[in-house]
Amino acid sequence: MYGTQSKRDLALEFQSQIPILRPSIHARRANLTVKFQDLYGFTVEGNVDDVNVLNEVREKVRQQGRVWWALEASKGANWYLQPSISEGQSLKASLKLSAMANAITLKRLIRKGIPPVLRPKIWFSLSGAAKKKSTVPDSYYNDLTKAVEGKVTPATRQIDHDLPRTFPGHSWLDTPEGHATLRRVLVGYSFRDSDVGYCQGLNYVAALLLLVMKTEEDAFWMLAVLLENVLVSDCYTTNLSGCHVEQRVFKDLLAKKCPRIATHLEALEFDVSLVATEWFLCLFSKSLPSETTLRVWDVLFYEGAKVLFHVALAIFKMKEEELIHSHHVGDVINILQKTTHHLFDPDELLTVAFDKIGSMTTNTISKQRKKQEPAVMAELDQRLRRLNSLKLDDK
Amino acid sequence: MATTGNKNINAKLVLLGDVGAGKSSLVLRFVKGQFIEFQESTIGAAFFSQTLAVNDATVKFEIWDTAGQERYHSLAPMYYRGAAAAIIVYDITNQASFERAKKWVQELQAQGNPNMVMALAGNKADLLDAKKVEAEASTLVLLLEAQAYAQEHGLFFMETSAKTAANVNEVFYEIAKRLPRVQPAQNSSGMVLMDRPAERIASTSCCS
């Protein structure tokens, strides 16, 4: 266990700040920037409108909590921990009608947000992390961290390099305790899967998992299920081939779902991967405000990696008019960065992501990935061969 | 590619180099005049823009600061494609980072824009006097090697320190001066300039 108490304190502190942060009409006119800590201990800098939005969001979170408690009262405690309908045919066949109805309710409910207090429990169960953990002895994580203590590998060196560079200034992550905890999770995982080892970007993902889950062990298992089951494989391995595949699929989807934007950006010679690569590798944790990121992750852990496409497309879609009137690559990036940094209202984003983008099944996306894989492999191979021939020339 | 219009030049610039060489720190120093010991690690790449006035033009740099970890190198072509300039950064106290820099030069010369203006930045020059004498000797050898390498491969070399700001603006300024003014057809090899190697080494001792 670590820091749960201080996390609760942060939440209280945040709540107590709300009345003080209510901006006056003068502050509005002056367009003042205010700085404060959000629910997860991140320092947020925003204008008065952002603060207003955050206040509304907090109220919505409370209301959403009440919906969950009411359902718990009528359907029984932990009703939501039943297996999801997407978990395979044999299961689907045996599902009772009521379970089906529950699954549909749950999907809708999760898109509207899991209350922060329920997140650790629900993520752990619905993502498959609990199941993954149950297949190994209880002492697995402890044994692993003990066994790797003091070992030095390229991965551990890179991790040590990145610890102070992971959300620097965060009230818990950027402390000796925070660094040590994050280190154990990342180093442990680097030994669990030596193909992945450690990839920059995972530091941000694991850090946010630590802030949400109650124990570092649960954060570890969330990281494991994310890399091994939720995301497309090879996103983080040697040449990031999985990530290249996702980017190609994303480009195709943008052309299909937002053709005006895609055409305009192409004319500007703007490759959308320039910005989207970080989104996919850090799962938006470096771009979106924390509560918005976690709302994306709520859906990610239940519906799978296709959610990342929904959200990335939504960010472009929301700024369609501005984007098609931009003339420079720099302007495009500024529009997108400003948008993501100020997306304090998760519903604004998720409504576009799921209602306006239209449905995409995991199946269709899998097919598109399959289609792109050979091209990615050929491209990566070609680059390697070119570089190798350069080395020979040099000698 | 550098594009001109009324002596306003837009130039895409990419920073490449080993992890921890100080690419992001150089950019932060140039763009915001700040130095932060622990900057967030860069994933993919980060974008910045900064305008610089040189004698005859205003250059607007569109800067791509790339991630240093080896596996991210497969993404690099996306960032250097169409770049008018590149700064290849290494850590002057780290031989391996210089080896990595050489590989980047090779790759850019083979794949990048043939008129690309390239700078080799030996960063962390402030560490030179902070280190012990024995350590300094190997660093000096590496510096001489880097200078020779730069000369041989048609880049210009500068020792920089993002921490003390030494030579940071100068690197960008030198690049701005060297960018092709009208058409990107000019031959850049005629404009190679070495940066007073001996003096540079001596002058770093005054850094604080």
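Residues numbered from 1 in each chain as written. Chains lettered and ligands numbered in written order. Predicted model: local features only at pLDDT ≥ 70, side-chain atom pairs only at ≥ 80, totals over all residues.

What follows is about the overall build of chain A. Assigned secondary structure in chain A consists of 21 helices and 2 strands. A burial count over chain A gives 40% of its 395 residues as buried. Across chain A, every contact between residues at least 6 apart in sequence was considered, and the portion connecting residues at least 24 apart equals 72%. (Helix = DSSP H or I, 4+ residues; strand = E, 2+ residues; numbered from the N terminus. Buried ≥ 20, exposed ≤ 12 C-beta atoms within 10 Å, placed from the backbone. Contact = placed C-beta atoms within 7 Å.)

Per the UniProt record, the feature "domain: Rab-GAP TBC" (unreviewed entry) sits at residues 113-304 of chain A. Across residues 113-304 of chain A one finds 65% helix and 0% strand; the C-alpha atoms that close the span lie 15 Å apart. (UniProt positions renumbered as here; feature names shortened; annotations may be inferred.)

On to unusual backbone geometry. The phi angle of most residues is negative, glycine excepted, and most peptide bonds adopt the trans form. Residues and elements named next belong to chain A. Of note, the phi angle at Asn78 is positive, near 60 degrees, even though the residue is not glycine. Relative to the helices and strands, Asn78 resides in the loop between helix 3 (48-75) and helix 4 (89-94). Among the residues examined, Asn78 registers 11 C-beta atoms within 10 Å and is labelled exposed. Even without glycine at this site, Phe167 takes up a positive phi of about 45 degrees.

Let us now look at the interface of chain A and chain B. Opposite the 31 residues of chain A that make contact, chain B presents 23 residues. Of all elements in the fold, only helix 9 (154-162), helix 15 (273-282), helix 19 (329-341) and helix 21 (362-394) of chain A reach the threshold of two or more residues within the side of chain A that touches chain B. Residue classes in the side of chain A that touches chain B are distributed as 12 nonpolar, 10 polar and 9 charged. (Nonpolar A, V, L, I, M, F, W, Y, C, P; charged D, E, K, R; others polar.)

Should pLDDT be low for a region, the predicted coordinates there are not to be read in detail. All names here are of chain B. Per-residue confidence for chain B averages 84 on the pLDDT scale, and 81% of its residues sit at or above 70. When mean pLDDT is compared element by element in chain B, strand 5 (residues 85-91) scores highest at 97, while helix 7 (residues 197-203) scores lowest at 38. Across residues 183-208, confidence stays below pLDDT 50; counting only partners more than four residues off in sequence or on other chains, it has 37 contacts. Here the complex is predicted with pTM 0.87, and the ipTM for its interfaces comes to 0.84. (pLDDT = per-residue confidence, 0-100.)

The next thing to look at is helix 16 (residues 290-303) of chain A. Residues spaced three or four apart along an α-helix point in a common direction, a consequence of the helix completing one turn every 3.6 residues. The first and last C-alpha atoms of helix 16 of chain A sit 20 Å apart over 14 residues, in line with the 20 Å expected at 1.5 Å per residue. Helix 16 of chain A sits mainly inside the fold: 13 of its 14 residues count as buried. (Expected span 1.5 Å × (residues − 1).)

Okay, the pairing of strand 6 (residues 117-123) of chain B next. Residue and element names in this part refer to chain B. When you tally the buried positions in strand 6, you get 7 out of 7 residues, the bulk of the element. Covered by surrounding structure in strand 6 are Val117, Ala119, Ala121 and Asn123 together with Met118, Leu120 and Gly122, the residues of both alternating faces. Pairing analysis gives 7 bridges linking strand 5 to strand 6, with the strands arranged parallel. Counterpart to Val89 in the pairing with strand 6 is Ala121. Between the parallel pair strand 5 and strand 6, the chain is carried across by helix 3 (residues 95-111), and the sense of this crossover is right-handed. Sheet topology places strand 6 next to strand 7 (residues 156-159); 4 bridges connect them, and they run parallel. The residue of strand 7 that forms the bridge with Ala121 is Met158. (Pairing = 2+ DSSP bridges. Right-handed = clockwise from strand over helix to strand, strands pointing away.)

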